[in-house]
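Reading the structure
Listed below, chain by chain, are the residues.
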Amino acid sequence: MAHDFNNALSVIMSTAELAMDGLDTKEQLREYFDDILMAAKRAANITRQLLAFARKQTIAPKVLDLNDNVESMLKMLRRLIGEDINLAWLPGSGLWSVKMDPSQLDQILANLCVNARDAIEGVGKVTIETTTITLDQAYCLDNPGFVPGKFVLLSVGDNGCGMDKKILDNIFEPFFTTKDVDKGTGLGLAMVYGIVKQNNGFVKVYSEPDRGTNIRIYLPRHEATTVEAQEDIRDKILLGRGETILVVEDDSEILSIMEKMLKGLDYTLLTSIAPEKAIGIVREYAGKIHLLITDVVMPKMNGPDLAEQLQSICPGLNCIFMSGYTADAISHQGVLAKGVHFIQKPFSREELAKIVRKALDEN
Ligand code: ADP
Ligand code: MG
């Protein structure tokens, strides 16, 4: 969506500029076009910030007590659903912890409560409940769609209009909505579903027309065992063994940060701010180059073309592409070719360390 929005903004900006070319410098209209241009530039800036925010918030899972988090949101949720709807909170006792990003939990609750509010005409009731539940193999065989394991169950129920089967079959589809254009986006439940899946949980929906709806979210219990501790240690030792990495990136600030990060992880670094210079570096470098990390979109030559040229000089050279866009630009039907890795900007040092190690260990 941000992409489409930016394209629309580009058209607004270019058209305003073109229109200004046709105007005399003294004309009053010029001022109006100037204002349009400035507002469009401001809007473009806001999209950039939103994009950065959206990426950042996907990567901060914490061990949490669901009850604490729901409680801290109650005031906000009450304001969201309004005074005519009663909000009941039934916290389960002895709740297990879960591991997820708390802002994702906020998003789930806000979306489910808004949907419940929209389903209720006039006076009604919304109930938020938590409990622990263990699902065994036998239960899951009898109840398709369930997964065995220990879960913390978060359910949000309402006594609103409910849904018929035709609606129920589609509710998780992005952009599916039965609401007016200015009211619904159809993204709420799609987002809830995405978040739950990302956290290895699952969602069940019970609803009947005119009776109400109950949405149940099963989140896997977080077990604070030694396995976790070992994983953490493994994450931390993803260091280099002096391997040589060539980084090609046309943004000098990013290039210098990456050089610092990778040197700190014990790699030997070669850097180039332009793809054509990188070819010269590879030709002249006497030692072995173990890995290429390159930006995808660069002036004069793009990342995939550069990789191809360098691979003809160093056969079997593995590479990591990095981009602010998704991997689509360099994958064929969503599948990356063998030996090709992708990392989305902006990334943390841990993410970089992990993918670099993975690319190097492939050989
Ligand atoms: P939106 O709320 O923007 O329409 P959602 O993805 O949140 O998008 O929901 C999709 C559709 O599912 C809604 O338009 C509505 O028809 C149905 N729905 C969701 N929650 C409820 C609910 N609690 N009660 C009745 N219908 C619901
Ligand atoms: Mg919604």
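Description of the structure in this document. Quantities reported herein were computed from a predicted structural model and do not represent experimental measurements.

1. What about the pattern of salt bridges?
Summed over all chains, the structure comprises nine salt bridges. Measuring nitrogen to oxygen at the nearest pair gives 2.9 Å for the salt bridge that ties Lys165 to Asp169. For Lys165, a relative accessible area of 60% puts it in the exposed group. Judged by its relative accessible area of 52%, Asp169 falls in the exposed class. With a closest N to O distance of 2.8 Å, Asp361 and Arg357 form a salt bridge. Separated by four residues within a single helix, Asp361 and Arg357 lie in helix α12 (residues 349-361), roughly one turn from each other. Given a relative accessible area of 45%, Asp361 falls into the partly exposed group. Overlapping salt bridges bring together Arg117, Asp118, Lys179 and Lys183 as one network.

2. Overview of the site of ligand 1
Neighbouring ligand 1 are 19 residues; Thr177, Thr178, Lys179, Thr185 and Gly186 lie closest to it. Take Thr178: an N or O atom from its side chain is 2.5 Å from an oxygen atom of ligand 1. Protein coverage of the free-state accessible area of ligand 1, which is 530 Å², stands at 94%. For the shell around ligand 1, the secondary-structure elements that each account for two or more residues are α4 (102-119) and α7 (188-198). Top contributing element to the shell around ligand 1 by residue count: α4, with three residues. A class-by-class count of the residues in the shell around ligand 1 yields eight nonpolar, nine polar and two charged.

3. Some details on the sheet that holds strand β2 (residues 85-90)
Read across the sheet, five strands follow the order β2-β4-β5-β7-β6 without closing on themselves; strand pairing throughout is mixed. The open sheet terminates on both sides in strands that have one partner only, identified here as β2 and β6 (202-208). Between one strand and the next, the sheet's axes are offset by a mean angle of 15 degrees, whatever the strand orientation. Where β2 and strand β4 (residues 124-135) come together, six bridges link them in parallel fashion. Bridged to Trp89 within β4 is Ile128. Across the sheet, helix α3 (residues 66-81) touches β2, β4, β5 (149-158) and β7 (212-220), and the angle it forms with β2 is around 175 degrees. Here α4 sits on the sheet in contact with β2, β4, β5 and β7, set at roughly 35 degrees to β5.

4. Here we look at the packing of aromatic side chains
Applying the stated criterion across every chain yields a total of seven aromatic pairs. For the pair Phe151 and Tyr218, a centre-to-centre distance of 6.2 Å together with 85 degrees between the ring planes defines the contact as edge-to-face. Here the residue Phe151 occupies a position in strand β5, and Tyr218 occupies one in strand β7, the gap between them amounting to 67 residues. The class for Phe151 is buried, based on a relative accessible area of 4%. Tyr218 gets classed as buried once you look at its relative accessible area, which sits at 2%. An angle of 40 degrees between the planes, with centres 5.0 Å apart, marks the rings of Phe172 and Tyr193 as tilted. Within this pair, whereas Phe172 is found in the loop between α6 (165-168) and α7, its partner Tyr193 is found in helix α7, the two being separated by 21 residues in sequence.

5. Section: the nonpolar core
Within the largest apolar cluster, 36 residues are counted, with the highest numbers of intra-cluster contacts made by Leu66, Ile108, Leu109, Ile128, Leu154 and Ile217. Of all the secondary structure elements, the ones that give two or more residues to this core are α3, β2, β3 (98-100), α4, β4, β5, α7 and β7. Membership of the second largest hydrophobic core comes to 22 residues, among which are Tyr267, Ile320, Ile343 and Ala359.

6. Things to note about the environment of Glu249
Position of Glu249 relative to the elements: it lies in the loop between β8 (244-248) and α9 (252-264). Along the chain, Glu249 and Ala278 lie 29 residues apart, while their C-alpha atoms are 9.9 Å from each other. What Glu249 contacts, discounting residues up to four positions off in sequence, is Ile254, Leu255, Ser272, Ile273, Asp295, Met298, Met322 and Lys345. Within the structure, the side chain of Glu249 is placed 2.9 Å from the backbone nitrogen of Asp251, a separation counted as a polar contact.

Criteria and thresholds
- Residues numbered from 1 in each chain as written.
- Chains lettered and ligands numbered in written order.
- Predicted model: local features only at pLDDT ≥ 70, side-chain atom pairs only at ≥ 80, totals over all residues.
- Heavy atoms only, no water.
- Salt bridge = Lys/Arg side-chain N within 4 Å of Asp/Glu carboxyl O.
- Buried < 20%, exposed > 50% of the residue type's maximum accessible area, 1.4 Å probe, protein only.
- Helix = DSSP H or I, 4+ residues; strand = E, 2+ residues; numbered from the N terminus.
- Near = heavy atom within 4 Å.
- Polar contact = N/O pair within 3.5 Å; in protein donor to acceptor, adjacent residues only side chain to side chain.
- Areas by Shrake-Rupley, 256 points an atom, 1.4 Å probe, with all protein chains shown as cover.
- Nonpolar A, V, L, I, M, F, W, Y, C, P; charged D, E, K, R; others polar.
- Pairing = 2+ DSSP bridges.
- Axes fitted to C-alpha atoms, helices over the stretch in contact; angles between N-to-C directions.
- Contact = heavy atoms within 4.5 Å.
- Phe/Tyr/Trp six-rings, centres within 6.5 Å; stacked < 30°, edge-to-face > 60°.
- Core = buried A, V, L, I, M, F, W, Y, C linked by side-chain atoms within 4.5 Å.

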